[in-house]
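Observations on the model geometry
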Amino acid sequence: MESFPKSALARVEEMSKAAAAEPARAVSFQGAPGANSHLAALEMDPDCLPLPCFSFEDAIDAVKEGRAARAVIPIENSLHGRVADIHFLLPESGLSIIGEHFMRIRHCLMAKHADAKLTTAMSHPQALGQCRHYLRAHGITPIAYADTAAAAAYVADSDDEGAAAVAPPIAASIYGLEMIQEGIEDDDRNTTRFVVLSREPATYASDEGTLMTTFIFEVKNIPAALYKAMGGFATNGINMTKLESYQNGASFSATEFYADIEGAPGDAAVDRALEELRFHCNKVRLLGTYKQERKRG
C-alpha cells in the first residue's frame, strides 16, 4: 500500500477492508481507486467490491491467495496494442480466464487549478500513448507513471502547479482536481479489452452462445512449423481471432504464441485442431474458455 500516493492511501485502505470482509465479492485490479480497471470491474459486476493493487502481479496474487474471487486485467487496447503481458503473467499463476469485457476508454486532463499553465502530464504509458496528439499540440510533456488514477493522486499531492494528470473523469472527483479537458484521446473508438481471471475455470453449456478459448503454444524449431500448426484450424473451420508472437527467455530457440479462437474444447472441430496443433508444437497450454462478449469482425 505504501507504493500509492498519499491521496490514494485512505481510499485504498477503505476498499481493502471492505474486500477483506467479503472476499467472495472482491474483484482485484491494478491501479489506484478511479483507474480504468476499477471502472471495468464495476461495469462487469456493479455489486462487486473492487480491490486496488499496485501491480498486475499483486492483483493476480490476491486471487491466488483467496483475498479476491476474481481479477480484472487489461490485455489490449485498440489504439496502443498490448497492455498487460498476460501470456507471461497467467501460465504460472494457476488461474484461468473466465470472461472478457470491452470498455470504451475516455481520458481527461485534470490539474489542481483550471487556470494553471500546464507543462507536464502524468499517466500510465498506455494512456499517454493514446493521447499523444493532444499533448503534443498543447506543448505538454508526458511523464510515465504506474497507472492513471495514481497519477491523479500524485498531482493532487504535488506542489507543482504546472503538473497535470491524464485519468478517467471519476479520478478528478476522487482526488479533488479540476477538469481541464474531457475526451482528449486521439480516437473516439478507443477501447480496451479486459480479461477476468479466477482460481477455477468456467464451465458453459453448448447453447450459451459463442465461446472463446485462449491458449499459448511453442512451435518446434523447424521450417514451416507455424504454417503446419495453423493448418488444423483452417481445415476444421475454426476462427482464430488473435495470434501474437513473443519470445520467452533469451535463447531465441523457438517462438511462442498467444492465440484466441472461437470455440471450446469438447467441440469435435476444436479438439481436432488442438490435437494437430500439439503434434507440431513443443508445448500447448490452455488459459481458459469463456463467453464471447463482443463478436469479432
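First, a word on scope: everything that follows refers to the structure included in this document. (Residues numbered from 1 in each chain as written. Predicted model: local features only at pLDDT ≥ 70, side-chain atom pairs only at ≥ 80, totals over all residues. Heavy atoms only, no water.)

Of all five residues in strand β1 (residues 26-30), five are buried, a share of seventy percent or more. Judged from the five bridges that link them, β1 and strand β2 (residues 49-53) form a sheet pairing that is parallel. For alanine 26, the partnering residue across the bridge sits in β2 and is leucine 49. In terms of handedness, the path from β1 via helix α2 (residues 36-44) over to β2 forms a crossover that is right-handed. Bridging between β1 and strand β3 (residues 70-77) involves three bridges; their strand directions are parallel. Note on β3: the bridge partner recorded for valine 27 is arginine 70. (Buried < 20%, exposed > 50% of the residue type's maximum accessible area, 1.4 Å probe, protein only. Helix = DSSP H or I, 4+ residues; strand = E, 2+ residues; numbered from the N terminus. Pairing = 2+ DSSP bridges. Right-handed = clockwise from strand over helix to strand, strands pointing away.)

Glancing now at the sheet that holds strand β6 (residues 108-111). Strand order in this open sheet of five strands is β8-β7-β9-β6-β10, and the pairing throughout is mixed. Each of the sheet's edge strands pairs with one partner strand only, and the pair in question is β8 (141-144) and β10 (178-181). When strand polarity is set aside, the average angle formed by the axes of neighbouring strands in this sheet is 35°. As paired strands, strand β7 (residues 120-123) and β8 are joined by four bridges and run parallel to one another. Residue pairing for β8: alanine 121 is matched across the bridge by proline 142. (Axes fitted to C-alpha atoms, helices over the stretch in contact; angles between N-to-C directions.)

As a further point, take the packing of helix α9 (residues 225-235) against helix α10 (residues 268-279). It is at 8 Å that the axes of α9 and α10 come closest, and there the two elements cross at 170°. By the criterion of interaxial angle, the relationship of α9 to α10 is roughly antiparallel. Residues Lys228, Ala229, Met230, Gly231, Gly232, Phe233 and Thr235 of α9 form the contact with α10, whose own contacting residues are Ala273, Leu274, Glu276 and Leu277. Of the residues in the contact of α9 with α10, the class split is six nonpolar, three polar and two charged. (Parallel < 35°, antiparallel > 145°, perpendicular 65-115°, else oblique. Contact = heavy atoms within 4.5 Å. Nonpolar A, V, L, I, M, F, W, Y, C, P; charged D, E, K, R; others polar.)

Attention now goes to the sheet that holds strand β15 (residues 281-291). Ordered in space as β13-β14-β12-β15, the four strands form an open sheet in which the pairing is antiparallel. Lying at the two open borders of the sheet, with one neighbouring strand each, are β13 (240-246) and β15. For this sheet the average axis-to-axis angle between neighbouring strands, irrespective of direction, equals 15°. Strand direction decides the pairing type here: strand β12 (residues 211-219) and β15, joined by nine bridges, are antiparallel. The residue bridging phenylalanine 217 from the neighbouring strand is valine 284, located in β15. Running at roughly 155° to β12, α9 makes contact with β12, β13, β14 (256-262) and β15 of the sheet. Helix-sheet contacts for α10 involve β12, β14 and β15, and the interaxial angle to β15 is about 150°.

What follows deals with helix α7 (residues 148-157). The buried fraction of α7 amounts to eight of the ten residues, a majority that puts the element mostly inside the structure. Restricting attention to buried positions, one finds in α7 the residues Thr148, Ala149, Ala150, Ala151, Ala152, Ala153, Val155 and Ala156. Backbone nitrogen of alanine 149 and a side-chain oxygen of the N-cap are separated by 3.1 Å at the start of α7; the cap is aspartate 147. (Polar contact = N/O pair within 3.5 Å; in protein donor to acceptor, adjacent residues only side chain to side chain.)

With that settled, consider empty space enclosed by the protein. Evaluation of the coordinates by the stated rule reveals two cavities of 30 Å³ or more. Quantified by volume, the largest cavity comes out at close to 210 Å³. Lining of the largest cavity is provided by 18 residues; of these, Asn36, Pro74, Val83, His124 and Thr148 occupy positions nearest its centre. Volume-wise, the second largest cavity comes out at about 50 Å³. Every element with two or more residues in the lining of the second largest cavity is listed here: β3, α4 (86-89) and β13. Taken together, the residues of the lining of the second largest cavity break down into four nonpolar, one polar and four charged. (1 Å grid on protein atoms, 1.4 Å probe; cavity = no way out; pocket = protein on both sides within 12 Å on 5 of 7 lines; lining within 4 Å. Points joined across faces, edges and corners; volume = space filled by probe spheres on them.)

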